[in-house]
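What follows is the residue order along each chain.
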Amino acid sequence: MTDIELVRAAIAARENAYAPYSHFAVGAALLCADGTVYGGCNIENAAYSPGNCAERTAIFRAMFDGHRDFAAIAVVGGPEGEPISELCAPCGVCRQVMREFCDPATFRILMGISEDSFIEATLAELLPHGFGPQNLGK
Ligand code: THU
């Protein structure tokens, strides 16, 4: 799975977004260490706070299937029904969820506009001085 393919998978996952309140559709594609890829989309809710981001949808799907080692995630987002025109960076809650399960030094986050246009950062770059399982002796 190349980075380009992972961004392409995130763009495809965005098609499944359920965003009737924000009308902001997000897709994510999580690459597990064994090469398995999980798509995720944002799933909103009439009560607002139960909504889930695309990144966490992908991570929780993978966790349920028993995956524990993750290499990278691609994220794309923008107003639904329109081509993506700006980068979409993971929210703070998603960064913290990644911190629970991913190595900050090596886990890569790809933020894309298209499969030909994306940037990458490590989790450590997006969540410096993070609080994680090690702080509780895990
Ligand atoms: N959202 C994501 O799914 N991922 C992000 O990285 C940023 C925000 C969703 C949450 C909500 O459904 C919508 O985008 C607007 O905030």
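A quick note: this is a predicted structure, and the numbers were derived from the prediction, not measured.

**Some words on the environment of Asn16**
Then, number 1: Mapped onto the secondary structure, Asn16 falls in the loop between α1 (3-14) and β1 (24-32).
Then, number 2: Taking the C-alpha atoms as reference, Asn16 lies 18 Å from Pro50; in sequence the two are 34 residues apart.

**Structural notes on the pattern of salt bridges**
Then, number 1: The full count for this structure, using the stated rule, is three salt bridges.
Then, number 2: Among the ionic pairs, Arg8 bridges to Glu115, the shortest N-O distance being 2.8 Å. On the criterion of sequence distance, the pair formed by Arg8 in helix α1 and Glu115 in the loop between β4 (108-114) and β5 (117-122) is long-range, its members being 107 residues apart.
Then, number 3: Where Arg108 meets Glu120, a salt bridge forms, and the shortest distance between an N and an O atom there is 3.0 Å. Taken together, the positions of Arg108 in strand β4 and Glu120 in strand β5 put the pair twelve residues apart, joining distant regions of the chain.
Then, number 4: Given the relative accessible area of 43%, Glu120 is considered partly exposed.
Then, number 5: Three or more residues joined by partner-sharing salt bridges are found here, namely Asp3, Arg108 and Glu120.

**Some remarks on the sheet that holds β4**
Strand-to-strand pairing in sheets goes through backbone hydrogen bonds, with the strands running parallel or antiparallel.
Then, number 1: In space, the five strands of this open sheet follow the order β2-β1-β3-β4-β5, with mixed pairing throughout. Every other strand in the sheet has two partners, leaving β2 (37-41) and β5 as the edge strands with one partner each. If you compare each strand with its neighbour and ignore which way they point, the axes differ by 20° on average.
Then, number 2: Across nine bridges, the pairing between β1 and strand β3 (residues 70-79) is antiparallel. Residue pairing for β3: Val26 is matched across the bridge by Gly77.
Then, number 3: Relative to the sheet, α1 contacts β1, β2, β3, β4 and β5, its axis offset from that of β3 by approximately 45°.

**A look at helix α3 (residues 92-101)**
Then, number 1: Along α3, the positions that sit buried rather than exposed are Cys94, Arg95, Val97, Met98 and Arg99.
Then, number 2: Residues of α3 that are buried in the fold lie against α2 (54-64), β3, β4 and α4 (123-126).

**Considerations on the nonpolar core**
Then, number 1: With 25 residues, the main nonpolar core has Leu30, Phe70, Ile73, Met98, Phe107, Ile109 and Leu123 as its most contacted residues.
Then, number 2: If you list the elements that add at least two residues to this core, you get β1, α2, β3, α3, β4 and α4.
Then, number 3: No other element matches α2, which puts five residues into this core.
Then, number 4: With residues up to four places along the chain from it excluded, the contact list for Phe107 reads Leu30, Phe70, Ala71, Ala72, Ile73, Met98, Cys102, Ala121, Thr122 and Leu123.
Then, number 5: With ten residues, the next largest nonpolar core counts Val7, Leu31, Ala72 and Leu110 among its residues.

Cut-off values and rules
- Sequence order as written defines residue numbering, which begins from 1 separately in each chain.
- The predicted origin of the model limits local features to residues at a pLDDT of at least 70 and limits the giving and counting of side-chain atom pairs to 80 or more, whereas totals for whole chains, interfaces and linings rest on all residues.
- To obtain the side-chain values, all non-hydrogen atoms of the structure were used and water was disregarded.
- Secondary structure elements are defined from DSSP: runs of H or I of at least 4 residues count as helices, runs of E of at least 2 residues count as strands, and each element is numbered from the N terminus.
- When a carboxyl oxygen of Asp or Glu lies within 4 Å of a side-chain nitrogen of Lys or Arg, that pair is called a salt bridge.
- Relative accessible area decides the class of each residue, using a 1.4 Å probe on protein chains only: under 20% of the type maximum gives buried, over 50% gives exposed, and in between gives partly exposed.
- Pairs of strands are assigned from DSSP output, requiring at least two bridges between the strands.
- Axis definition: a line fitted to C-alpha atoms, over the contacting stretch in the case of helices. Angles run 0 to 180 degrees between N-to-C directions.
- By definition, residues are in contact when any of their heavy atoms lie within 4.5 Å.
- The criterion is simple. A nonpolar core is a set of buried Ala, Val, Leu, Ile, Met, Phe, Trp, Tyr and Cys residues joined through side-chain atoms within 4.5 Å.

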